[in-house]
Amino acid sequence: MNSERLIYLDNNSTTPTDPRVVEAMLPYFHQYHGNAASRNHPFGWIAEDAVDKARQQIADLISVDSREIIFTSGATESDNLALKGVFEMYKRKGNHIVTLTTEHKAVLDSCKKIEKMGGEVTYLEVNSDGLVDLQKLEDAIKENTILVSIMWANNETGVIQPMKEIGEICAKKGVLFMSDATQAVGKIPVDPKSIGIHLMAFTGHKMYGPKGVGALFVNRKSPRVKVTSQIDGGGHERGMRSGTLNVPGIVGLGKAAEIAKKEMAAEADRLSKLRDKLESALYANMEEVYINGNTDHRMPHVTNISFKHVEGEGLMMTFNQNIGVSSGSACTSASLEPSYVLIALGLGDDLAHSSLRFSLGRFTTEEEIDITIKQVTDGVNHMRDLSPIWEMYKDGVDLDSVVWASH
Amino acid sequence: MAYSEKVIEHFKRPKNVGTLDKENKNVGTGLVGAPECGDVMRLQIEVDEQSNIIKDAKFKTFGCGSAIASSSLATEWLKGKSIDEALSIDNMDIVEELALPPVKIHCSVLAEDAIKSAISDYKKKNSIEE
């Protein structure tokens, strides 16, 4: 097909580790290998200093106190710790949690587990643009509600929730506010304190840091929030998360935070221009192209697009020898169910199956976007030539009136 | 998940893509699957009424690479077969030929359904008992 060059537009699933981050981490594998909990020799002191520095770099990025950062293995663990930890710690206050149907599985599956443990969870539906309905949220908070958990930015659509307004509602109702900010931290300004967030999960590998290290912000003052540990053994991280600290990983997360703080604004500006170019070119090149989710409140580097009458996984196959994106069609899963996030936006299953997510990143170039525009356009045209429903649509058949033999 | 070379070949250069005149008495059309399931196959056969041999077969498919490859392969196999022989094509033959993984077996099932449905349509049009 086209160029041999590999083009990565799947940065929402994971980002490449920035070479500057790798460089910062390297000495902590062999040269400075100490355990940060070893308080009685220089090996431990060096490791502890490195962790302290990283904690401060991360705290600076999100404008919190460094003592409010709890290191974990990643956002999934942070989500688990926040939700289950609050549920256990605040049992006497109530057992009800409010969240959204479009949350990440790390939140939804934790909530499912909490329900099994005797908790009550309300899963709020979102509007067709992916945004929470603030009135519905307020109405859902009850006497026994202890926590509202709403993600900052959605991983599939990039839609950013009205965090400030949600924070105000939580404050008014006197409930804790937790946010999975995995997709937002390091990409857009994230300031949990100004919003009234009490717990916030994020991870290294979505912000050009390493995999296997993440953090949970836990508010320390007014109110002092505590979570029951989910991993025990040694009482590390102020008793909230035991386990020997992943020093190289933490150093990497710290460095990634430092770089993000400096470069985020310029990067967001550059990527949003490239994203807009990609989006408008695809829109102009073809008919029946739909952008999913709110486009005014959206991450700068993400677009989720449906190409009607084309199946996403097949479409990806036309260019996936050199371009990596992700699809809302889940033809590989046993369930054959398309993305629950897109379905929650009210997309029909057919449009959800027809969707692709492009997530640009720090290392994306304009030339790569130009190649992508060409290859995706060719791919959609190829797939439409093969598509019986595209032919029916072109012949003016009302597809809704066709009786499909569902299987 | 990596695709087999045969799937990739059928996907990139699908055989017998197109449309036969469904009003033609000798043409049987099978349309199976549903857009909301992520797979729709339309398979058509043109049958020689004297010999009952399938002279031509065409398809169009909305679906993943394995679905497209399964229908492309099916049209290749159909050409030159009698309709009775065509009815004996089993989805597992397609699975084997294309080396489909378990999660893609439904694509072969759909292709078998499409074959049966096209033949049934042809028989109905020509008042042949099934």
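It should be emphasised that the depicted structure is a prediction, and the values quoted were computed from it without experimental measurement. All residue numbers here refer to positions counted from 1 along the written sequence of the relevant chain. Numbering of ligands from 1 and lettering of chains from A proceed in the order in which they are written. Residue-level local features of this predicted model are given only where pLDDT is at least 70; pairs of side-chain atoms are given and counted only at 80 or more, and the full residue set underlies all totals for whole chains, interfaces and linings.

Engineer: With reference to specific residues and values, describe the packing of helix 2 (residues 42-61) of chain A against helix 8 (residues 247-285) of chain A.
Structural biologist: Residue and element names in this part refer to chain A. Here helix 2 crosses helix 8 at 35°, and the two axes come no closer than 8 Å. In this structure, helix 2 crosses over helix 8, and the sense of that crossing is left-handed. Where helix 2 approaches helix 8, its residues A47, A50, V51, K53, A54, Q57, I58, D60 and L61 are matched on the opposing element by V247, I250, V251, L253, G254, A257, E258, A260 and K261. Looking at the contact of helix 2 with helix 8 residue by residue, the classes come out as 12 nonpolar, 2 polar and 4 charged. Between N-to-C directions, angles span 0 to 180 degrees; the directions come from axes that are lines fitted to C-alpha atoms, helices contributing only their stretch in contact. Secondary structure counts use DSSP, requiring at least four H or I residues in a row for a helix and at least two E residues in a row for a strand, with both numbered from the N terminus. Helix crossings are classified by the rotation of the near helix relative to the far one: an anticlockwise turn of less than a right angle makes the crossing left-handed, while a clockwise turn makes it right-handed. Once C-beta atoms have been placed from the backbone, residue pairs whose C-beta atoms lie within 7 Å are recorded as contacts. Residue classes follow a fixed rule: Ala, Val, Leu, Ile, Met, Phe, Trp, Tyr, Cys and Pro count as nonpolar, while Asp, Glu, Lys and Arg count as charged, and any other residue, Gly among them, counts as polar.

Engineer: Pulling in residues and values, what's your account of the domain arrangement of chain A?
Structural biologist: The accessible area lost on association of the parts is a frequent measure of interface size. Residues and elements named next belong to chain A. On domain assignment, one finds that chain A holds domain 1 (7-14 + 264-394) and domain 2 (19-260). The distance between the C-alpha centroids of domain 1 and domain 2 comes to 29 Å. At the junction of the two partners, domain 1 supplies 22 residues and domain 2 supplies 25 residues. Taken together, the elements giving at least two residues each to the side of domain 1 that touches domain 2 come down to helix 8, strand 10 (302-307) and helix 10 (340-344). Grouping the constituent residues of the side of domain 1 that touches domain 2 by class yields 8 nonpolar, 11 polar and 3 charged. Domain start and stop positions are those given by an automatic or database domain assignment.

Engineer: Give a detailed account of the environment of A:V98, specifying residues and quantitative values.
Structural biologist: Residue and element names in this part refer to chain A. Of note, V98 is situated in strand 3 (residues 96-100). Judged by local crowding, V98 falls into the buried class, with 28 C-beta atoms found within 10 Å. Put simply, V98 and S242 are 144 residues apart on the chain and 28 Å apart in space, counted from C-alpha to C-alpha. Those residues in contact with V98 that sit more than four places away from it in its chain are T122, L124, L137, A140, I141, T145 and V148. Exposure classification rests on a simple neighbour count of other C-beta atoms within 10 Å of a residue's own: a residue reaching 20 or more is buried, one at 12 or fewer is exposed, and one in between is partly exposed. C-beta atoms are placed from the backbone.

Engineer: Can you lay out the pairing of strand 4 (residues 120-124) of chain A for me, pointing to particular residues and giving the numbers?
Structural biologist: For two strands to be treated as a pair, DSSP must find at least two bridges joining them. Where strand 3 of chain A and strand 4 of chain A come together, 5 bridges link them in parallel fashion. Following the sheet pairing, A:T99 is matched in strand 4 of chain A by A:Y123.

Engineer: Any details on the packing of helix 2 (residues 65-78) of chain B against helix 4 (residues 91-98) of chain B? Residues and values, ideally.
Structural biologist: The relative placement of two packed helices is expressed as an angle between their axes plus a distance between the axes. All names here are of chain B. Viewed as axis vectors pointing N to C, helix 2 and helix 4 meet at an angle of 110°, and their least axial separation amounts to 10 Å. When the axis of helix 2 is compared with that of helix 4, the two are roughly perpendicular. Here helix 2 contributes A69, S70, L73 and A74 to the contact with helix 4, which in turn contributes I94, E97 and L98. Angle categories: roughly parallel below 35 degrees, roughly antiparallel above 145, roughly perpendicular from 65 to 115, and oblique for all the rest.

Engineer: Lay out the interface of chain B and chain A in plain terms, naming residues and giving numbers.
Structural biologist: On the side of chain A, 25 residues touch chain B, which itself brings 24 residues to the contact. When contributions to the side of chain B that touches chain A are tallied by element, the ones reaching two or more residues are strand 1 (27-34), strand 2 (39-48), strand 3 (53-62) and helix 2 of chain B. Here the side of chain B that touches chain A takes 4 residues from strand 1 of chain B, the largest share from any one element. Per-class residue counts for the side of chain B that touches chain A are 15 nonpolar, 6 polar and 3 charged.

Engineer: Got a sec to walk through the sheet that holds strand 4 of chain A? Specific residues and values, please.
Structural biologist: All names here are of chain A. Strand order across the open sheet formed by 7 strands is 2-8-7-6-5-3-4, with mixed pairing between neighbours. This sheet does not close on itself; its edge strands, each paired only once, are strand 2 (69-72) and strand 4. Within this sheet the neighbouring strands show an average axis-to-axis angle of 20°, counted without direction. Taken together, the 5 bridges between strand 7 (residues 199-203) and strand 8 (residues 214-218) define a ladder with antiparallel strand orientation. Bridge pairing in strand 8 places F202 opposite A215. Helix 4 (residues 105-116) contacts strand 3, strand 4, strand 5 (145-149) and strand 6 (176-180) of the sheet and is inclined by roughly 155° relative to strand 3.

Engineer: So what about the sheet that holds strand 10 of chain A? Which residues, and what values?
Structural biologist: Residues and elements named next belong to chain A. With antiparallel pairing, the 4 strands of this open sheet are ordered in space as 9-10-13-12. The open sheet is flanked by strand 9 (289-291) and strand 12 (326-327), the only strands paired with a single partner. The pairing of strand 9 with strand 10 spans 3 bridges and is classified as antiparallel. Residue pairing across strands places Y290 opposite S306, the latter belonging to strand 10.

Engineer: I'd like a rundown of the pairing of strand 5 of chain A, residues and numbers included.
Structural biologist: Residue and element names in this part refer to chain A. Of all 5 residues in strand 5, 5 are buried; the element is thus mostly enclosed. By the bridge criterion, 4 bridges tie strand 3 to strand 5 in an arrangement that is parallel. Residue pairing for strand 5: T99 is matched across the bridge by S149. Where strand 5 and strand 6 come together, 3 bridges link them in parallel fashion. Within the sheet, the bridge partner assigned to V148 lies in strand 6 and is F177. The handedness of the strand 5 to strand 6 crossover, carried by helix 6 (residues 163-173), is right-handed. Orient the strands so they point away from the viewer; a crossover is then right-handed if the path from the first strand over the helix to the second runs clockwise.

Engineer: Help me get a handle on the nonpolar core, residues and values and all.
Structural biologist: Counting 89 residues, the largest nonpolar core has A:V86 and A:L199 as its most contacted members. The biggest single contributor to this core is helix 8 of chain A, with 8 residues. Split by domain, this core shows at least three residues from each of two domains, domain 1 (7-14 + 264-394) and domain 2 (19-260) of chain A. Among buried residues, those of type Ala, Val, Leu, Ile, Met, Phe, Trp, Tyr and Cys that are joined through C-beta atoms within 7 Å form a set called a nonpolar core. Ranked by size, the runner-up nonpolar core spans 60 residues in total, among them A:L315, A:I323, B:A69 and B:A111.

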